[in-house]
Amino acid sequence: MCGIVGILGKNPVALDVVEALRRLEYRGYDSAGVATLENGKLTRCRAEGKLRNLETKLSKEPLSGLIGIGHTRWATHGRPSVSNAHPHATDKLAVVHNGIIENFAEFRAELEADGFRFESETDTEVVAHLVTREMNRGLKPVEAVGAILPKLRGAFALAFLFSGEEDLLIGARNGPPLAVGIGDGEMYLGSDAFALAPFTTMIAYLEDGDWAILHRNSVEFRNVDGQVVNRQAQMVAAGAALVDKGNHRHFMAKEIHEQPEVVTHTLTTYIDMVSRKVRMPFSETLDWSKVDRLTMSACGTAYLAGLTARYWFESLARLPVEIDVASEFRYREPPMPASNGVAMFLSQSGETADTLASLRYAKSQNQTILSVVNVPTSTIARESHIVAPITAGPEIGVASTKAFSCKLVTLASLAIAAGRMRGVIDEAREAELVQELIMLPGLMTQALKTEVDISRLAQRLGKAKDVLYIGRGTSFPLALEGALKLKELSYIHAEGYAAGELKHGPIALIDEDMPVIVVAPHDHLFEKTASNMHEVAARGGRIILITDEKGASEISIKPDSTIIMPTMPSTFTAMVYAIPVQLIAYHTALGMGKDVDQPRNLAKSVTVE
Ligand code: F6R
């Protein structure tokens with residue numbers, strides 16, 4: 001989760017770029033850098049570590065120039081170092097980047113074969129060389145950027161500065177946010193409005209797939225197809241709080257949409273993108289090979305993240321898992337392993353009373369306490385032996401969304417680490433699984449494109465009295481999560497069931513008024529879920545199917561609606577399928593005029609039992 005900035009100014013910009021970076025330092029501080037044009041020539045200053053190191057360097061070697069870009073880094077590909085620090089540059093251009101270019105390895109090989117020399121280990125540098133190659137072939141900067149953007153896979157925001165082009169910056173967005181600030185004969189790019197607040201309050205946001213061509217007196221937005229589009233600038237209060245809604249109507253919408261980016265942040269904590277290995281966090285204090293049983297406990301959505309992860313710990317690490325909601329666990333007095341037991345507590349806030357009480361019980365039973373939390377200073381974190389932070393950033397919407405997916409990414413990484421340490425998976429399988437994790441931000445960005453269809457579908461769903469969600473495997477906890485989200489936001493009665501359980505009771509509820517939302521990626525359980533869909537259809541139930549192209553083409557009944565998801569490997573579909581599940585609840589509640597950020601009777605941090 002890096003921060004990026006660009007300024008087309010009337011006065012020298014280097015110090016203003018640094019000022020904007022200071023406001024983005026919360027996004028990462030492994031290194032920082034600035035590039036400007038001095039008499040049309042690219043110059044750079046980069047430093048490892050915090051922004052103040054860059055400032056010290058700049059005070060000794062100042063950069064002049066009325067146009068510049070800057071970056072503050074949270075390392076993904078390549079360790080923190082000056083050579084890996086952005087901006088990355090060629091003789092033609094400099095570029096800064098936030099996110100992941102998933103297909104960088106294939107481009108790197110191709111570019112090296114073409115004679116391009118790489119100076120860093122980053123995925124970003126391929127972007128610099130790809131654009132340079134197009135310019136060497138005779139394309140102008142705007143054409144060259146337009147030619148390469150469709151080739152990049154993943155979730156990214158980019159800003160480009162070109163040698164000899166004193167009045168041109170280009171920004172592009174596919175996933176992570178990017179804002180354009182409009183000044184008086186000056187133009188800005190930034191990862192958020194807060195970064196640009198010292199310079200301008202007029203902000204326009206790029207939408208996914210957009211790119212923007214900035215000159216001092218104009219900005220042109222183009223969409224993913226290269227068509228010129230209008231993106232309205234709006235007034236954003238100066239000094240806007242660090243946590244604002246961006247261009248979203250609600251915090252919940254913002255938090256759903258920022259998942260590709262925050263998940264990237266979580267990934268960088270737990271995996272090494274270059275070696276395709278999981279970092280073995282806390283390997284000195286926790287040897288998974290010696291663990292006999294993992295006990296998990298949590299509440300609500302956090303519990304459902306744990307329920308999902310049980311599948312991974314069992315299949316990838318062959319580790320026996322027990323899991324229960326904390327309000328039951330704490331009073332059950334469950335026997336726990338006398339030695340070699342690990343107890344894991346999951347919580348966004350880290351303050352949930354029942355979860356904390358369960359933790360204290362497990363501690364009294366001599367378990368190693370591992371907490372998976374979003375707030376590392378919370379009570380649950382403080383009382384744990386080991387803390388695995390999920391790094392989702394502040395979650396303001398009462399209904400948990402991004403904390404759910406960041407928990408899943410953390411848990412998936414821990415399950416892979418456990419599998420490796422227990423000798424269940426080998427290095428090659430680890431690399432495969434890690435590659436699947438690296439693909440998640442890009443897939444989540446694609447999944448967000450289902451929003452238009454979902455908002456239409458939500459109009460009809462808002463009229464239902466009851467809704468059923470079903471799924472198998474990791475889609476079962478997601479069915480529970482879908483029902484929980486719909487209940488808490490729209491106040492429509494909803495239930496989640498394991499698809500195979502339907503015939504043991506709930507099928508009696510099915511009639512032509514009952515929407516049944518089926519979460520069914522085309523995985524090894526798809527055929528089984530398909531049979532359950534037939535059972536629903538035979539009783540006149542209205543099916544809303546969330547699946548991929550293959551699933552949609554194989555199902556012989558005609559669902560009421562089908563939400564088509566990107567095709568992906570089957571292990572970690574839960575993170576991607578969580579997005580339509582969240583969007584369904586959000587849009588249904590919105591259509592019904594409910595308060596989505598603060599639903600009735602609920603609180604963000606439940607410190608009472
Ligand atoms: C549902 C939701 C709640 C929380 C639960 C636990 O959208 O947000 O179910 O997940 O109250 O809260 P934490 O994770 O703070 O322990």
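Our subject is the structure listed above.
The present account deals with the structure reproduced in this document. (Residues numbered from 1 in each chain as written. Predicted model: local features only at pLDDT ≥ 70, side-chain atom pairs only at ≥ 80, totals over all residues. Heavy atoms only, no water.)

Describing the packing of helix α17 (residues 475–490) against helix α20 (residues 573–591)
Then, number 1: Running from N to C, α17 and α20 cross one another at 20°; their axes reach a closest spacing of 9 Å. In terms of orientation, α17 lies roughly parallel with respect to α20. In terms of crossing hand, the pair formed by α17 and α20 is right-handed. Across from Leu478, Glu481, Gly482, Lys485, Leu486, Leu489 and Ser490 in α17, the residues of α20 making contact are Ala574, Tyr577, Ala578, Val581, Ile584, Ala585, Tyr586, Thr588 and Ala589.
Then, number 2: Looking at the contact of α17 with α20, its residues break down into 11 nonpolar, 3 polar and 2 charged. (Axes fitted to C-alpha atoms, helices over the stretch in contact; angles between N-to-C directions. Helix = DSSP H or I, 4+ residues; strand = E, 2+ residues; numbered from the N terminus. Parallel < 35°, antiparallel > 145°, perpendicular 65-115°, else oblique. Left-handed = near helix turned anticlockwise from the far one by under 90°. Contact = heavy atoms within 4.5 Å. Nonpolar A, V, L, I, M, F, W, Y, C, P; charged D, E, K, R; others polar.)

Some details on the environment of Leu590
Then, number 1: Looking at where Leu590 falls in the secondary structure, it is placed in helix α20.
Then, number 2: As a C-alpha pair, Leu590 and Ser490 span 100 residues in sequence and 8.0 Å in three-dimensional space.
Then, number 3: Those residues in contact with Leu590 that sit more than four places away from it in its chain are Arg249, His250 and Val596.

Structural notes on the sheet that holds strand β18 (residues 293–298)
Then, number 1: As summarised here, the arrangement of the 5 strands in space is β19-β18-β20-β21-β22, forming an open sheet in which the pairing is parallel. This sheet does not close on itself; its edge strands, each paired only once, are β19 (321–325) and β22 (386–389). Within this sheet the neighbouring strands show an average axis-to-axis angle of 20°, counted without direction.
Then, number 2: Across 5 bridges, β18 lies against β19 in parallel orientation. Along β19, the bridge assignment pairs Ser297 with Asp324. (Pairing = 2+ DSSP bridges.)

Observations concerning the site of the ligand
Then, number 1: Close to the ligand lie 14 residues; Ser347, Gln348, Thr352, Lys485 and Glu488 are nearest.
Then, number 2: A distance of 3.1 Å separates an oxygen atom of the ligand from a polar atom in the backbone of Thr301.
Then, number 3: Within the contact set of the ligand, an oxygen atom lies 2.7 Å away from a side-chain nitrogen or oxygen of Lys485.
Then, number 4: Considered on its own, the ligand offers 410 Å² of accessible surface; in the complex 90% of this is hidden by protein.
Then, number 5: If you list the elements that add at least two residues to the shell around the ligand, you get α9 (300–317) and α17.
Then, number 6: Top element by residues in the shell around the ligand is α9. It accounts for 3 residues.
Then, number 7: Split into classes, the residues belonging to the shell around the ligand amount to 5 nonpolar, 7 polar and 2 charged. (Near = heavy atom within 4 Å. Polar contact = N/O pair within 3.5 Å; in protein donor to acceptor, adjacent residues only side chain to side chain. Areas by Shrake-Rupley, 256 points an atom, 1.4 Å probe, with all protein chains shown as cover.)

Describing helix α16 (residues 451–461)
Then, number 1: Listing the buried residues of α16 in full gives Glu451, Ile454, Leu457, Ala458 and Leu461. Looking straight down α16, one finds that the buried residues subtend no more than 120° of arc, so they occupy a single side. Set apart from the buried face of α16 by more than 90 degrees, the exposed residues are Arg456 and Gln459.
Then, number 2: Buried-residue contacts for α16 involve α7 (251–257), β23 (466–471), β25 (515–519), β26 (542–548), β27 (561–565) and α20. (Buried < 20%, exposed > 50% of the residue type's maximum accessible area, 1.4 Å probe, protein only. Arc of directions from axis to C-beta.)

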